Amino acid sequence: MKNTVATFAKMKANGEKISMLTCYDYSTAKLEEAAGINAILVGDSLGNVMLGLPDTLSVTMEDMITYGRSVARACHNTMVVIDMPFMSYQVSVEQAVMNAGRLMKEGRANAVKLEGGAAVCPQIKAITDAGIPVVAHLGLTPQSVNALGGNRIQGKSEEAAKKLIEDALAIEKAGAFALTLECIPAPLAQLITDKLSIPTIGIGAGAGCDGQILVYQDMLGLFSDYTPKFAKHFAELGTQMKEAFAAYVKEVQAGTFPAEEHTFKMDEDVLNKLY
Ligand code: KIV
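Sequence order as written defines residue numbering, which begins from 1 separately in each chain. The predicted origin of the model limits local features to residues at a pLDDT of at least 70 and limits the giving and counting of side-chain atom pairs to 80 or more, whereas totals for whole chains, interfaces and linings rest on all residues. The basis for every side-chain value is the complete set of non-hydrogen atoms in the structure, without hydrogens or water.

Taking an unreviewed UniProt entry as the reference, the protein is identified by name as 3-methyl-2-oxobutanoate hydroxymethyltransferase belonging to Selenomonas ruminantium. Its UniProt record, at the heading Function (unreviewed entry), says of the protein: "Catalyzes the reversible reaction in which hydroxymethyl group from 5,10-methylenetetrahydrofolate is transferred onto alpha-ketoisovalerate to form ketopantoate." Checking UniProt for the protein, the heading Subunit (unreviewed entry) contains the comment "Homodecamer; pentamer of dimers." UniProt positions are given in the numbering used here, feature names are shortened, and annotations may be inferred rather than shown by experiment.

Okay, here's the thing in structure tokens:
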């Protein structure tokens, strides 16, 4: 059964935790779906983990569409949320609706995600009114890395925490069906979760959120440029991959790969005529 906005609402009402992971390609999306994940985010974090960029600012609509539709092709039950990249929604409400529409039509998303609070509520309302479900994103919002002065925890002071609560309430009113909370103190995330009727999805926001999301390369030990405190490694596939690559190099050098069973044969008579 396809996970939808209704599934998210029902899970929050029933106190069932929502599981989300990022994904950017068909093969990995098939594995995540087989594992029973509720929703996949094609995050603009692909700028970091797929494109090797220092931040998410240079990610384009075309990037999101290309990676998004490869994930969508693998997802029959899993909801696919595609991130709206930097400057695809901030300039005007009209542009935001057009670009959200492209992510649905060309990227085959089931929902879009955008960053920001009260300032982007007109966009959230207009996109939602166009029939496109919206996930909002508060706390550490990586597209604002320059304004925030780095990727650091948010909402620690009374003033900042109050602003986050106000933003969360405004986002809910504007029509978002879920809210990502990134890198904020766990008690604040719990308070926001209790105040909202829409589910919160935490990343570095503690266990009190209605669901959790991680970047899949982080949780598999595949990305070593930096490791956020909240990124638990559920496997060390990076190490396993390195070992497998090194074994391949060794066998190619030694001439032991390919072996008989990896090799195609040819009719002797045909072969003899070639000499
Ligand atoms: O782009 C992304 O992967 C995200 C998650 C970290 C929530 O926004």
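Moving on, there is more to tell.
Enquirer: Explanation requested: the UniProt feature "binding site: 3-methyl-2-oxobutanoate" (unreviewed entry) in the protein in the structure shown.
Expert: UniProt's feature table lists "binding site: 3-methyl-2-oxobutanoate" (unreviewed entry) at Asp44, Ser45, Asp83 and Lys113, given in the numbering used throughout. Look at the named residues: they lie 70 residues apart in sequence, but the longest C-alpha span between them is just 12.3 Å, so in the fold they bunch up. Assignment of secondary structure puts Asp44 in the loop between β2 (39-42) and α3 (46-49). Overall, Asp44 belongs to the buried group, its relative accessible area being 4%. Any two residues whose heavy atoms approach within 4.5 Å are treated as being in contact. Look past the residues within four positions of Asp44 in its chain and what remains in contact with it is Thr56, Val59, Met64, Asp83, Glu115 and Gln143. For helices the rule is a DSSP run of H or I covering at least 4 residues; for strands it is a run of E covering at least 2, with both sets numbered from the N terminus onward. When you line up the elements, Asp83 lands in strand β3 (residues 79-83). For Asp83, a relative accessible area of 3% puts it in the buried group. In contact with Asp83, not counting residues within four places along its chain, are Leu41, Val42, Gly43, Asp44, Met64, Leu103 and Lys113. For each residue, the accessible area found with a 1.4 Å probe, counting protein chains only, is set against the maximum for its type, and the residue is called buried under 20%, exposed over 50%, and partly exposed in between.

Enquirer: What is the right way to read helix α6 (residues 121-129) from this model?
Expert: Each α-helix turn comprises 3.6 residues. Residues three or four places apart therefore point the same way. Of the positions making up α6, those classed as buried are Cys121, Gln123, Ile124, Ala126 and Ile127. Phi turns positive one or two residues past the end of α6, at Gly131, with a value near 90°.

Enquirer: Explain the UniProt feature "binding site: Mg(2+)" (unreviewed entry) in the protein here, please?
Expert: Here the UniProt-annotated "binding site: Mg(2+)" (unreviewed entry) positions come out as Asp44, Asp83 and Glu115. Of the residues just listed, which span 72 residues, no C-alpha pair is farther apart than 10.9 Å, and they cluster in one region. The residue Glu115 is located in strand β4 (residues 111-115) in this model. If sequence neighbours within four positions are ignored, Glu115 has contacts with Asp44, Tyr89, Val120, His137, Thr141, Pro142, Gln143 and Ser144.

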